[in-house]
Every structure is written in C-alpha cells, then in structure tokens.
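# Notes for the structure review
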Amino acid sequence: MFRVNRQLFRHFFTTGLKGISHDDVMSEICKLIDIHDVLSIQITGKDCIVTLKNPETKDRLATQGTPLRDRSIKLYEVESSITHVTIKDMPYEKTIATFALRCLGHARSDCEQYKQETEKKELGSYGPEIFKGRQDSTNNIYTDEGDEEYISSDNANCEKETMCVLLGASNLFFKEMELFSGFIAKAILIFIVTYVFWRLWKFANKYKEWRKVTSQTSVIGPLHPLWGSLHKFKDLAEFMTLVREIISKERSKVVGYWFMFFFPEFNVVHPDSVRILMKSSEPKAIGCGGFYRMMKSWLGDGLLISSGKKWERNRRLITPAFHFGILKPYVDIYNSSTDKFLDNLKGFAQTSKPVDIFPLVSLETLDTILRCAFSYEGNIQTKGIKHPYVAAVNRLANFLAERWLKPWLYWDTIYYMTPKGREYRKICQYVHDFSEGVIRERQQTFLTDGPPTSRHLDFLDILLTAKDDNEIGLSFEDIRAEVDTFLFEGHDTTASAISWAIYHLGKHQKEQEIIYSELSELLNDKKQVSWENLQIMPKLTAFIKESMRMVAPVPNVQRQLTSPITIDNVTIPAGVVVDMGIYMLHHHPDVWPDNDVFRPERFLQEDIAERHPYSFLPFAAGSRNCIGQNFAMDEIKVVLARLIQRYKVFLVPDHKYEIKPELVMRSKYGINITVEERK
Ligand code: HEM
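Residues numbered from 1 in each chain as written. Predicted model: local features only at pLDDT ≥ 70, side-chain atom pairs only at ≥ 80, totals over all residues. Heavy atoms only, no water.

Let's shift gears to the overall build of the protein. Of regular secondary structure, the protein possesses 25 helices and 16 strands. Taking the intrachain contacts of the protein between residues at least 6 apart in sequence as the baseline, contacts between residues at least 24 apart amount to 71%. When the accessible surface of the protein is split by element, carbon and sulfur atoms take 56% of a total near 31,900 Å². (Helix = DSSP H or I, 4+ residues; strand = E, 2+ residues; numbered from the N terminus. Contact = heavy atoms within 4.5 Å. Areas by Shrake-Rupley, 256 points an atom, 1.4 Å probe, with all protein chains shown as cover.)

Here is the structure:
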C-alpha cells in the first residue's frame, strides 16, 4: 500500500513538474553558475539535471557543498521553487498536484535545514551554507534508478516527514477516487441496464413485425413457442420435402419458417418472387444466422461471400479469367482428366462391382480445377479413391449443414467451444494450408522464371498480377480467399452435377441410348471431345439441364435484406434472411407440370421460349450469378460424353438413392452404379 501511494504521489509530482519551463530553471541556475558553463538542462520526474561543459565548475561547486552526480549537479532550489508552480488546463490533476506540492512546502518549513535554506534565500544569499547537511551526500535524495527511492541518511528525517504529509495527500486522493469510482460504477450499471432494455424493446418490436409477416405467408407450422418450425424436420432433406408439400398444397410463392423463436427466415420458390430477390442486388447473408457468415472462416472474403466495393473490384479483376479465349484451351485438360477418370472405372467394369461414383467424380473435378485454374499437376486421381482435400471439403460442408439447423450455435464463440467447432477449425486450417501451398509454389515460379510465356494465363496468374485502376493488387489474404472459393466452388458443385447426371443416366436407360446415338454421330470414333463439338450436343445438353432441374447441384442460396422488400403482397422487413430455394423452384408445380418426371425435352428450344426466365436457375441470376457456369457446363459435357461413349451405366437394384442437401446436393447413401464397357 505504501509503495502504491508513493508511486501515485510520484506520478502527480511528475505531472506538476511539467509546469516548469527551462526558463524558470535557467533563472535559478544563473544564480549559481555562469550560464556559459551549462551544456544542457534536463527536467525528469523530480530531478533537474544540469550537465556542465567544464569539469572545473563541477569541482568548484563540489567544494561549495553541492551534491554531485558525476558531471551533473542537482539543484534543490529548483525543487523548492515548485511550490510556486501552478498547472493550467488540467483541472482535476491540478488540485491533487498543487495540494501535494503545498504539502511539500509545509514539510520543508518544519524541517530545520529547509528553514535555513529559506532564510538565506529570503536574504538573497546563496553561499555554501545553503547546502550544509547535504554536502556529504553522494547519493541524490531522489534517484530514478529502478522504482526505488533512496533517502540519504543526512536528510532522512526531513524527507520522512515530507513523505508522511505526502502520504496523507495521496490517501485523500484515494478517497476521492473511491467516490469517483462509485459514481462510475453506478453510471456503467445504469448504461448496461438501459442498453439491455433497449435491445429487448427493439427485439419485441421486431418479433411482432416478423410474426405479422409470417402470418401472411405459408409457414412450416404449427409453430412451437420455443423451437419455432424446427420440431417439424430433423435435416435439410426433410425440410425441403416439407416445403415442397406446402407449395403443392398452397401454391405458395414464399414460404416462411422459424429457427427457434428468434430467427425467422423466408424462402422464395416461384419465378415471380425469385425475380424480385435476384434483381434486388441484396448482399449475401453474413449477419447472425446467415449461412455465408458460417462459411467465412473457411472461404474468407472471396467472391462468393464478399459484397460492396470489394466484391465489385474483385469480380471485375477475375472476370477475364472466364473469357472464352481462356476457356477454349481448357477442353484439352477436361479430356485428359476424363481419361484418368475413365481408367479408374476400368476395374469396376471388369468385375461388375458397384462403385459410389461421387468420390471418383470429385477427384476428377478437383484435378480439373487445379490444372485449369492453378496449372497445378498433383496427380490427384492416381493417389487413391479419396483425396484428403476432397474429404475435408465434404466434412466442412457437412458441419455447416448441421450447424444451420442449430441456432444456438450461430455464434462463433459458442460454436468453436464445441468438439465439432474445434474440428471445423482444424479442417479449415488444413484446407488453407493446401491452398497456400498452391499459391506459394506459383509465387516461387514467378520469382525464378517470371510470368508464364509458354502457356495460357490461368486464374492464379490473373490473381497474382491483377491490378485495379489505382494500380493496387490483391493482398495475400485476398488471393487465398479467392483460391479457397474457386477450389470449393470449382470442384464440389460440378462433382454434384456430374454425379447426379450419371445417376439419371443409370435410371433412364432409354435417354442414355438416345445420347449415345447423338454422340456416335457427332464424334464417330474420335475419342476426344473438341471445343466445336461442345456447341452441338443438344440432346446431351438438354439431359444435363433436366438433371440439374431434378437435383439442383446448389440447392439453396441466401440474401440478407438491407431494406424491406415486397414479395407476393407481403412486405418482408430489412435484416431478415431470405433464401432462394433453387431445388424447390425447379419443382414448383405451377411452372413444371409433372415436376417429378424426368423429361429432357423440356429443355429443347420450343419449350424454353415459353417458360418464365426465372424458372430454371441452377447458376442463380442477376449480378451475383455463377462466374464459372460456362467452365462448368463444358466440363460436365466432356465428362458425360466420354463416359457414355465408353461405358454403359446402370443403377444398383435395391440400393437407396436419396438426396442429402448441403452446400451442394450430395447423396445420403452414395450414388452406387455399375458400368459395362461398350463394344
Ligand atoms: C455445376 C456447377 C456449378 C453450379 C451449379 C454453380 C452454382 C452457383 C450458384 C447458384 C452461385 C450463386 C451463389 C449465391 O448467389 O450465393 C454460384 C456462384 C459462384 N460460382 Fe458457381 N456453380 C458451379 C460451378 C462453378 C465453377 C466451376 C466455378 C469456378 C471455376 C464457380 C465459381 C463461382 C463463384 C466464384 C461464385 C460467386 C460469384 C459472385 O458472387 O460473384 N462455380 N455458383
């Protein structure tokens, strides 16, 4: 306590000293020494150190009795003159400091030595006696070495008295502080209580508004007072089935649901309502509960998630990477990746053993995106049926889907405390390490060989060299976010589309043969599919589209309203999350008669013209549509054409084929098929 008081006093004493100028000190010094002998003056906490030019002056002062410290002198006169200093512009500190200083003066006046000094001073004499009693002191009365104060034995009594009075001063200061802190504590408490009430009041108002809106739309109910709609479904597949049931019963354009009692959400499921949302350019849902917010620790602020100026700038920078001149040479890569994929199926064809096609296709799409976008030759497909990156992305998507249905885990801090949250972070780390490895390898090549001259500029080249109008390029973090986004978007979505198309090939043997004839005519015995071939495969293209209608590779996208939006005569307030249920849209009975029937003819020219432009949106629409849609369509066509050309595909009897909606549409029990080599 004593030590703290002492330090506090020292603080205020120091503050007080700030009021003395060098001129004040100079006038005092001039009384002692010839001003030309002074090299410098330094005022620290409570010392005034005068450094002399001439050592002889120091010796002269020493004989006069001035305490010395090597080449410097200490002037007690200056210290005592502090009692006259007033401090301006610091009202609170001033009171304390002035008080302390006055006490110092008072203590000194009780002290014999001080009395002598004052008397002499009043008489205007500054003889050697002034410093009598201090002349033996080789230590300064106050030194700032460490935090300690040393009091010379000669002056101990006088200084102790001084210190006692000073302690009184600092105790008084503590009392004032107690009063003051009591006041602060009360003020903080009042602020917190007011804030909590204000938040509750705001929530109550919002809640009323949300309830009103959900009463005007179709809703997954009846609503449970705590769980909202959550008690009606246990996973996203059941959720989608429920929404589809409501749509077919009520012909709804918007369906509402509550994740517990505090999180309402709406799903636009009809082209009319979808058009309003997609045209609105509302940002991705990154507020509390928004799906994209949960993805942020994985995909960063990449193109998929970012919004505003950052998104605009990056989209502009990246768009050239999808120019058809860049995409054209990729067809060779699609072909060579497909070669490996088909070779991997050879063993299964020979044994007629069933194979879950999803992981094999995922390897093919990962291989393709790594080679096209990153010129990365990792022999991905030859390293086994499951690559750790594919498995990691699978797991992350799985965790996200689970978390979405547990609103109490929406807060990152809470989620990361759970075992799954911790595992999620670990996997994210692995995924980031993987993408950083890809980037660093390329940076190294850039350093040694410069930008590529012999091959096309790929996506990563563009990221590393892109500059905006202000000649500013992307930061490493930005590049990594884009690489993570493209690695995920570029392989998982396409894998889902191809895998479900293969499922439909197996299910609809007649369609398979129709496409086989189209390809036989087009390709003859040619094994490779060319860029030109891709433009003239109407039956295969219609088949792929119908497959994406039946099972949308990306089943759902989300936006968060920044201003109220009126959809189907209902005004949804700002702040609310609104989904575009692509899977539900593709099955809306008012748009798609016999929506559960697989009929590729729907996508032949004459049908398309009559349909609502917002009725088929596997790649979304508006400014945030899929940047990689042409890339994806070309790759899907090459893989399927080559597969059909070489193998016949069959489903496995008695195997259960069920959708498992996550970020992309997966399969609950795997897409098991058998293949037979065509003669
Ligand atoms: C069949 C394959 C694909 C499907 C079904 C698909 C679907 C989609 C959808 C629905 C969106 C909109 C997401 C939203 O609004 O939140 C989207 C955005 C995006 N996709 Fe794709 N995609 C596919 C393939 C690809 C590929 C191959 C790439 C990259 C090479 C890619 C890159 C992106 C990016 C970067 C975005 C964000 C665009 C932006 O917001 O500016 N996608 N995709």
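With that settled, the discussion passes to the site of the ligand. The immediate surroundings of the ligand are formed by 29 residues, with Tyr292, Trp311, Arg315, Glu489 and Cys626 found nearest. Contacts to the ligand include Trp311, whose side-chain N or O atom sits 2.7 Å from an oxygen atom. A distance of 2.8 Å is found between an oxygen atom of the ligand and a side-chain nitrogen or oxygen belonging to Arg624. Mapped by element, the contributors of at least two residues to the shell around the ligand are helix H11 (308-318), helix H19 (476-507), strand E9 (556-560) and helix H25 (629-646). A per-element tally of the shell around the ligand places H19 first, with 6 residues. Residues belonging to the shell around the ligand are distributed by class as follows: 19 nonpolar, 5 polar and 5 charged. (Near = heavy atom within 4 Å. Polar contact = N/O pair within 3.5 Å; in protein donor to acceptor, adjacent residues only side chain to side chain. Nonpolar A, V, L, I, M, F, W, Y, C, P; charged D, E, K, R; others polar.)

Residue position: Ile644 is located in helix H25. Take Ile644: its relative accessible area is 0%, and that puts it in the buried class. Sequence-wise, Ile644 and Tyr516 are 128 residues apart; in three dimensions their C-alpha atoms are separated by 6.2 Å. Residue contacts for Ile644: discarding those within four places in its chain leaves Leu505, Gln512, Ile515, Tyr516, Leu519, Leu540 and Arg678. (Buried < 20%, exposed > 50% of the residue type's maximum accessible area, 1.4 Å probe, protein only.)

For any two helices packed against each other, one specifies the inter-axial angle together with the distance between the axes. In contact at an axis separation of 10 Å, helix H10 (residues 291-299) and helix H15 (residues 388-404) are set at 150° when each is read in the N-to-C sense. H10 and H15 meet at a crossing whose hand is right-handed. Between H10 and H15, the residues in contact are Phe291, Met294, Met295 and Trp298 and Val393, Leu396, Ala397, Leu400, Ala401, Arg403 and Trp404, respectively. When the residues that make up the contact of H10 with H15 are grouped by side-chain class, the tally is 10 nonpolar, no polar and 1 charged. (Axes fitted to C-alpha atoms, helices over the stretch in contact; angles between N-to-C directions. Left-handed = near helix turned anticlockwise from the far one by under 90°.)

Our focus in this paragraph is the coordination of the iron atom of the ligand. Distances from the iron atom of the ligand to its protein donors, Glu489 (OE) and Cys626 (SG), fall within 2.3 to 2.8 Å. Here the iron atom of the ligand is ringed by 6 donor atoms whose angles at the metal span 78 to 174°, and the overall shape comes out octahedral. Here Glu489, found in helix H19, pairs with Cys626, found in the loop between helix H24 (605-610) and H25; they are 137 residues apart in sequence, far enough to count as distant. A residue is classified by how much of its surface remains accessible, and Glu489, at 24% relative accessible area, is partly exposed. With a relative accessible area of 24%, Cys626 lands in the partly exposed category. (Donors = N, O, S within 2.8 Å, 3.2 Å for Na, K, Ca; no water. Tetrahedral: all angles 85-135°; square planar, octahedral: opposite > 155°, others 65-115°.)

In terms of nonpolar packing, the biggest core is built from 168 residues, with Met295, Trp298, Phe341, Phe374, Ile502 and Met580 touching the most fellow members. In terms of residue count, the dominant contributor to this core is H19 (13 residues). Excluding residues within four positions of it along the chain, Trp298 makes contact with Val393, Leu396, Ala397, Leu400, Tyr424, Cys428, Val431, His432, Asp484, Phe488 and Leu663. (Core = buried A, V, L, I, M, F, W, Y, C linked by side-chain atoms within 4.5 Å.)

Per-chain confidence: the protein averages 80 in pLDDT, with 74% of residues scoring 70 or above. No element of the protein has a lower mean pLDDT than helix H5 (residues 91-110), at 36, and none a higher one than strand E13 (residues 647-651), at 98. Low pLDDT, under 50, characterises residues 118-165; the stretch is placed with 79 contacts to residues that sit more than four places away or in other chains. (pLDDT = per-residue confidence, 0-100.)

The pairing of strand E8 (residues 355-356) with strand E16 (residues 672-677) spans 2 bridges and is antiparallel. Directly across from Asp356, in E16, lies its bridge partner Asn672. Strand direction decides the pairing type here: E13 and E16, joined by 5 bridges, are antiparallel. Bridging across to E16, Lys648 finds its partner in Glu676. (Pairing = 2+ DSSP bridges.)

Now for the sheet that holds E8. Spatial strand order, E8-E16-E13: 3 strands in an open sheet with antiparallel pairing. The strands lining the two open edges of the sheet, one partner per strand, are E8 and E13.

Another aspect to go through is the environment of Leu360. Looking at the secondary structure, you find Leu360 in helix H14 (residues 357-374). On the accessibility criterion, Leu360 (4% relative accessible area) is buried. Each C-alpha atom, one on Leu360 and one on Leu345, is 8.7 Å from the other, the two residues being 15 residues apart in sequence.

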